[in-house]
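Chains, contacts and geometry: an overview
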Amino acid sequence: MKNLLTALALTATTFLPNCVSADEPPATGTAPLKVLLIAGGCCHDYPAQTKLLKSGIEERINAVVTIETSESSNTEARFEIYESDNWSDGYDVIIHDECSANVTEKPYVNRILAAHQNGVPAVNLHCAMHSYRWGDYRSPVEPGADNARWYEMIGVQSTAHGPKTPIDVVYSDSDHPITKGLMNWTTTDEELYNNMRVFSGASVLVKGDQMTSPNKKELKANPKAEPKKSTAVIAWTNQYGPKKTRIFSTSLGHQNETVADARYMDVVVRGLLWATDHINEDGTPSAGYAKQ
């Protein structure tokens, strides 16, 4: 909690209900990345987390983060910006951090996906994995199916999560620029999202291990029942659509403490740099994008 309070204190911006833009960072000779962060909906402290994400990104790289939020705090959250066919114009990368599981209007979802099919990179965080779903989404969807489109953009289909307990973060691909040189760590209480399907364009970078204690029903059936270990993919890259648009996703990020953790933010920022093709092989920003 101390780390969270410190991170919040360092954030100079003020959360507004609809849109927040950053001041231009110091000139580096390279135009800053224009990042659109779309966040809101059910189940999370988006006012705090958008501040943490904005400050975490802008402190690390040459970027300007604009925030779009929804007035809704439930799973039917919609975003006014998505009502335009040109909603992504002017941005280099989109961060999807919405939690809109019950938004199923296909023209609306198709407008979102069209930008990424046409080459706009994306970073997907946490509940974005559980948004825009319909049909029998609790079973593995078939590639090309009507209810597979959002999952195909993300690269992994997830339908549920376990209890809030710590997750051991294991960098299973330590040679990728996003993970190069990073050390395994353990989160605070977090949600491990399941993996129903990993699509062919996805490449797994990070896995999560979570120990779950037996519940009352299990203990009644077997008083000697022991904790079980669950493992799932928690960060990955994907190539989406005809232009093989770069997509980075991580299912971590439920708790404010996780979002405030420098180890989480480092992965998110590297994923953003990879998605925009501005990262060196050793994980550092390419020329012009390191913070001066």
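Calculation notes
- Residues numbered from 1 in each chain as written.
- Predicted model: local features only at pLDDT ≥ 70, side-chain atom pairs only at ≥ 80, totals over all residues.
- Heavy atoms only, no water.
- Disulfide = S-S within 2.5 Å.
- Helix = DSSP H or I, 4+ residues; strand = E, 2+ residues; numbered from the N terminus.
- Buried < 20%, exposed > 50% of the residue type's maximum accessible area, 1.4 Å probe, protein only.
- Polar contact = N/O pair within 3.5 Å; in protein donor to acceptor, adjacent residues only side chain to side chain.
- Pairing = 2+ DSSP bridges.
- Expected span 1.5 Å × (residues − 1).
- Core = buried A, V, L, I, M, F, W, Y, C linked by side-chain atoms within 4.5 Å.
- Contact = heavy atoms within 4.5 Å.

Looking at an unreviewed UniProt entry, the protein chain carries the name Trehalose utilization, with the source organism given as Rubripirellula reticaptiva.

**Let's talk about the state of the cysteines**
Counting across every chain of the model gives two disulfides. Residue cysteine 99 pairs covalently with cysteine 127 via a disulfide, S to S 2.0 Å. Remark: cysteine 127 occurs in the loop between β5 (122-125) and α4 (149-154) and cysteine 99 occurs in strand β4 (residues 93-99); sequence separation between them is 28 residues. As far as burial versus exposure is concerned, cysteine 99 and cysteine 127 are alike and both buried.

**A short note on the side chain of histidine 116**
Inspection of the secondary structure assignment puts histidine 116 in helix α3 (residues 106-117). According to the relative accessible area criterion, histidine 116 is buried, its value standing at 0%. Separated by 2.8 Å, the side chains of histidine 116 and histidine 96 make a polar contact.

**Observations regarding the pairing of strand β7 (residues 165-171)**
Inspection of the sheet shows β7 paired to strand β8 (residues 185-190) by four bridges, in the antiparallel sense. Bridge pairing in β8 places proline 166 opposite aspartate 189.

**Notes on helix α7 (residues 262-275)**
Given a rise of 1.5 Å per residue, 14 residues ought to cover 20 Å, and the 20 Å separating the end C-alpha atoms of α7 matches this to within 8%. Counting buried residues along α7, 11 of its 14 residues qualify, which places the element largely inside the surrounding structure. Taken residue by residue, α7 has Tyr264, Met265, Val267, Val268, Val269, Arg270, Gly271, Leu272, Leu273, Trp274 and Ala275 as its buried positions. Positive phi appears at aspartate 277, one or two residues downstream of α7, with a value of about 60 degrees.

**A few points about the nonpolar core**
Counting 74 residues, the largest nonpolar core has Tyr82, Trp87, Tyr132 and Leu272 as the members making the most contacts within it. The greatest single-element share of this core, amounting to nine residues, is contributed by α7. Ignoring sequence-local partners within four residues, the contact set of leucine 272 consists of Leu33, Val35, Ile57, Ile61, Val93, Ile95 and Val123. Judged by nonpolar contacts, the second largest core, of five residues, contains Tyr137, Val141, Tyr151 and Phe199.

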